Amino acid sequence: MNADRVRARSLVAQLRDLRTVACALPDALVLLDRDGRMRWCNPAAGRLLGIAWPRDRGLAVAGRFGDGEAGTWLRQGRDDADDVASPVDAAVRLQPSLIPYGDHRRLLIARDISRVTRLEQVRRDSAALLSREFLTPLTVIHGYLELLDPGDVPGLAPVLNEMRTQSQRMRQIVEDLLELSRLEMQQHLSEEHLEMAPLLDSLRREAEALSQGRHRVRLEDDARADLLGSPKDLHSAFSNLVSNAVRYTPEGGAITIRWRRVPGGAEYSVTDTGYGIPAEHLSRLTERFYRVSSSRSRATGGTGLGLSIVKHVLNLHGAQLRIESEPGNGSTFTCVFDDARLLPLDA
Ligand code: ADP
């Protein structure tokens with residue numbers, strides 16, 4: 001009897017500790033029953049979600065959130081979301097997630113990510129602003145350099161040629177940054193019919209032109225489907241992968257461009273027999289300016305922004321980028337599209 005009382009006391013103390021910790025958390029915690037009604041919440045839930053315990057005990061939470069982003073997300077029943085507006089104040093940005101526990105109960109956690117979102121916005125705005133500011137002076141300098149004929153001043157010819165190369169490189173970086181900013185700010189996609197056969201043909205020709213006979217280029221097209229999306233952006237993404245394959249494959253290698261159906265969708269892929277990429281770099285390749293080897297990237301005219309552009313274009317189309325690579329043997333970059341993006345061709 002005594003031992004039971006001691007155990008009960010210790011359990012109560014542990015529960016009290018747990019609740020104290022939950023109350024001290026800066027994230028909103030809300031316990032929901034099987035009908036989505038609130039059983040308990042911590043004080044942060046008041047600040048971030050506008051619900052309080054014990055006042056709102058038994059409240060249908062999705063109803064209280066209304067038609068805003070948070071309410072819509074909760075009604076959809078998805079596990080998590082990257083960024084939704086707080087139902088209390090739209091300027092407060094939240095990252096919510098739903099974790100099932102017990103008998104059909106769920107724990108709603110919402111983290112305040114307003115600061116991170118603001119910093120990200122500042123980063124985006126300054127990258128776009130700086131690129132625009134740089135573009136005009138660079139275009140002027142590049143234009144004048146093009147007018148100067150190295151033949152007129154043979155002593156300066158190597159210097160002039162180097163200046164041209166470098167100014168072209170800077171212009172390419174600025175143009176890629178502007179392209180990325182445009183993609184990041186783009187909310188809506190132009191939903192056009194993109195005919196794959198002529199696009200694949202032109203990608204093959206681009207590969208051959210870049211390779212100048214140094215690689216074998218092959219095209220396999222058996223998807224019998226076109227794509228729905230932004231032709232300009234998809235062309236830019238697909239051609240970035242082709243250009244990388246040529247640039248990171250030594251002379252004598254092979255490059256294969258493929259467009260094929262897979263269960264649930266279709267895949268566009270570019271396979272090369274080039275240098276390959278060590279596994280530890282794969283997860284970071286789509287970060288801005290991330291390069292496995294800076295010298296090799298620069299030597300082949302890279303800006304370090306190509307794969308970020310590819311990733312953004314694919315995100316806008318609800319598609320995924322898959323990267324497989326083996327150092328010394330080559331790489332395959334695959335863009336995976338859902339059925340919803342496909343326009344099948346009649347037999
Ligand atoms: P870059 O302009 O430097 O090529 P990307 O964003 O297109 O920038 O690619 C990032 C890095 O990924 C490259 O610097 C290179 O190290 C690596 N990479 C991309 N494609 C390939 C490939 N086909 N084979 C080997 N490495 C690649």
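Quick note: structure is the one above.
1. A look at the packing of helix 6 (residues 157-185) against helix 10 (residues 306-316)
Reasoning step 1: Two numbers describe how helix 6 lies on helix 10: the axes approach to 10 Å, and their chain directions differ by 20 degrees. It follows from the interaxial angle that helix 6 and helix 10 lie roughly parallel. In the crossing of helix 6 with helix 10, the sense of the turn from one axis to the other is left-handed. Along its contact with helix 6, which presents Asp176, Glu179, Leu180, Leu183 and Glu184, the element helix 10 presents Ser308, Ile309, His312, Val313 and Leu316.
Reasoning step 2: For the contact of helix 6 with helix 10, the per-class residue count stands at 5 nonpolar, 2 polar and 3 charged.

2. Observations regarding the pairing of strand 4 (residues 93-101)
Reasoning step 1: Pairing of strand 3 (residues 84-85) with strand 4, which is carried by 2 bridges, proceeds in the antiparallel orientation. Bridging from a neighbouring strand, Val84 pairs with Leu94 of strand 4.
Reasoning step 2: Here 8 bridges tie strand 4 to strand 5 (residues 105-112), and the two strands are oriented antiparallel to one another. Residue Gln95 lies in a different strand from strand 5, and its bridge partner there is Arg111.
Reasoning step 3: In this antiparallel pair of consecutive strands, strand 4 and strand 5, the connection spans 3 residues, and Gly102 shows a positive phi of 55 degrees.

3. Description of empty space enclosed by the protein
Reasoning step 1: Within this structure, the stated rule accounts for 1 cavity of 30 Å³ or more.
Reasoning step 2: A volume near 40 Å³ is recorded for the largest cavity.
Reasoning step 3: Considering the residues around the largest cavity, the lining is formed by Leu49, Phe65, Ala70, Trp73, Val84, Leu94, Pro96 and Leu108.
Reasoning step 4: Among the secondary structure elements, those contributing two or more residues to the lining of the largest cavity are helix 4 (69-76) and strand 4.

4. Points about the site of the ligand
Reasoning step 1: Inspection of the region around the ligand gives 20 residues, with Tyr248, Ser297, Thr303, Gly304 and Leu307 positioned closest.
Reasoning step 2: The contact in question runs from an oxygen atom of the ligand to an N or O atom on the backbone of Gly304, over 2.8 Å.
Reasoning step 3: Contact with the protein chains covers 97% of the free accessible surface of the ligand, which is 530 Å².
Reasoning step 4: Under a 2 Å grid-point criterion requiring more than half of the atoms, the pocket assigned to the ligand is the largest pocket.
Reasoning step 5: For the shell around the ligand, the elements supplying multiple residues, two or more each, are helix 8 (231-247), helix 10 and strand 12 (330-338).
Reasoning step 6: Looking at the shell around the ligand, the element that brings in the most residues is helix 8, giving 3 residues.
Reasoning step 7: Its residues placed into classes, the shell around the ligand shows 9 nonpolar, 8 polar and 3 charged.

5. A few points about the sheet that holds strand 6 (residues 192-194)
Reasoning step 1: Reading across from one edge, 6-8-13 is the order of the 3 strands in this open sheet, with antiparallel pairing throughout. Edge strands, defined here as strands with exactly one partner in the open sheet, are strand 6 and strand 13 (342-344). Each adjacent strand pair in this sheet contributes to an overall mean axis angle of 35 degrees, direction not counted.
Reasoning step 2: Relative to strand 13, strand 8 (residues 225-229) is paired through 3 bridges, and the arrangement is antiparallel. Across the sheet, residue Asp226 finds its bridge partner in strand 13, namely Leu343.
Reasoning step 3: Helix 7 (residues 196-211) rests against strand 6 and strand 8 of the sheet, and its axis sits at about 90 degrees to strand 8.

6. Considering the nonpolar core
Reasoning step 1: Membership of the largest hydrophobic core comes to 41 residues, with the highest contact counts inside it found for Leu227, Phe238, Trp259, Tyr268 and Phe337.
Reasoning step 2: At the level of secondary structure, the elements contributing two or more residues to this core comprise helix 6, helix 7, helix 8, strand 9 (254-262), strand 10 (265-272), helix 10 and strand 12.
Reasoning step 3: In terms of residue count, the dominant contributor to this core is helix 8 (7 residues).
Reasoning step 4: When sequence neighbours within four positions are dropped, the list of residues in contact with Tyr268 reads Leu200, Leu203, Phe238, Leu241, Val242, Ile257, Arg258, Trp259, Phe333, Thr334 and Cys335.

7. Here we look at the pattern of salt bridges
Reasoning step 1: Tallying each qualifying case throughout the model produces 26 salt bridges.
Reasoning step 2: The partner of Arg123 in a salt bridge is Glu120, with the nearest N and O atoms 2.7 Å apart. Here Arg123 pairs with Glu120, and both are found in helix 5 (residues 114-147), just 3 residues apart, close to one helical turn.
Reasoning step 3: Notably, a salt bridge pairs Arg218 with Glu220, separated by 2.7 Å at the nearest N-O pair.
Reasoning step 4: Taking the relative accessible area as the measure of exposure, Arg218 reaches 46% and is therefore partly exposed.
Reasoning step 5: A cluster of three or more residues bridged by salt bridges with shared partners is formed by Glu120, Arg123, Arg124, Glu184 and Arg288.

8. Focus on the pairing of strand 11 (residues 320-326)
Walk down a regular strand and you will see the side chains alternate between the two sheet faces.
Reasoning step 1: For strand 11 and strand 12, the ladder comprises 7 bridges, and the chain directions are antiparallel. Bridged to Ser325 within strand 12 is Ser331.
Reasoning step 2: Between the end of strand 11 and the start of strand 12, which pair antiparallel, lie 3 residues, with Gly328 showing a positive phi angle near 90 degrees.

Criteria and cut-off values
Residues numbered from 1 in each chain as written. Predicted model: local features only at pLDDT ≥ 70, side-chain atom pairs only at ≥ 80, totals over all residues. Heavy atoms only, no water. Axes fitted to C-alpha atoms, helices over the stretch in contact; angles between N-to-C directions. Helix = DSSP H or I, 4+ residues; strand = E, 2+ residues; numbered from the N terminus. Parallel < 35°, antiparallel > 145°, perpendicular 65-115°, else oblique. Left-handed = near helix turned anticlockwise from the far one by under 90°. Contact = heavy atoms within 4.5 Å. Nonpolar A, V, L, I, M, F, W, Y, C, P; charged D, E, K, R; others polar. Pairing = 2+ DSSP bridges. 1 Å grid on protein atoms, 1.4 Å probe; cavity = no way out; pocket = protein on both sides within 12 Å on 5 of 7 lines; lining within 4 Å. Points joined across faces, edges and corners; volume = space filled by probe spheres on them. Near = heavy atom within 4 Å. Polar contact = N/O pair within 3.5 Å; in protein donor to acceptor, adjacent residues only side chain to side chain. Areas by Shrake-Rupley, 256 points an atom, 1.4 Å probe, with all protein chains shown as cover. Sits in = over half its atoms within 2 Å of the grid points. Core = buried A, V, L, I, M, F, W, Y, C linked by side-chain atoms within 4.5 Å. Buried < 20%, exposed > 50% of the residue type's maximum accessible area, 1.4 Å probe, protein only. Salt bridge = Lys/Arg side-chain N within 4 Å of Asp/Glu carboxyl O.

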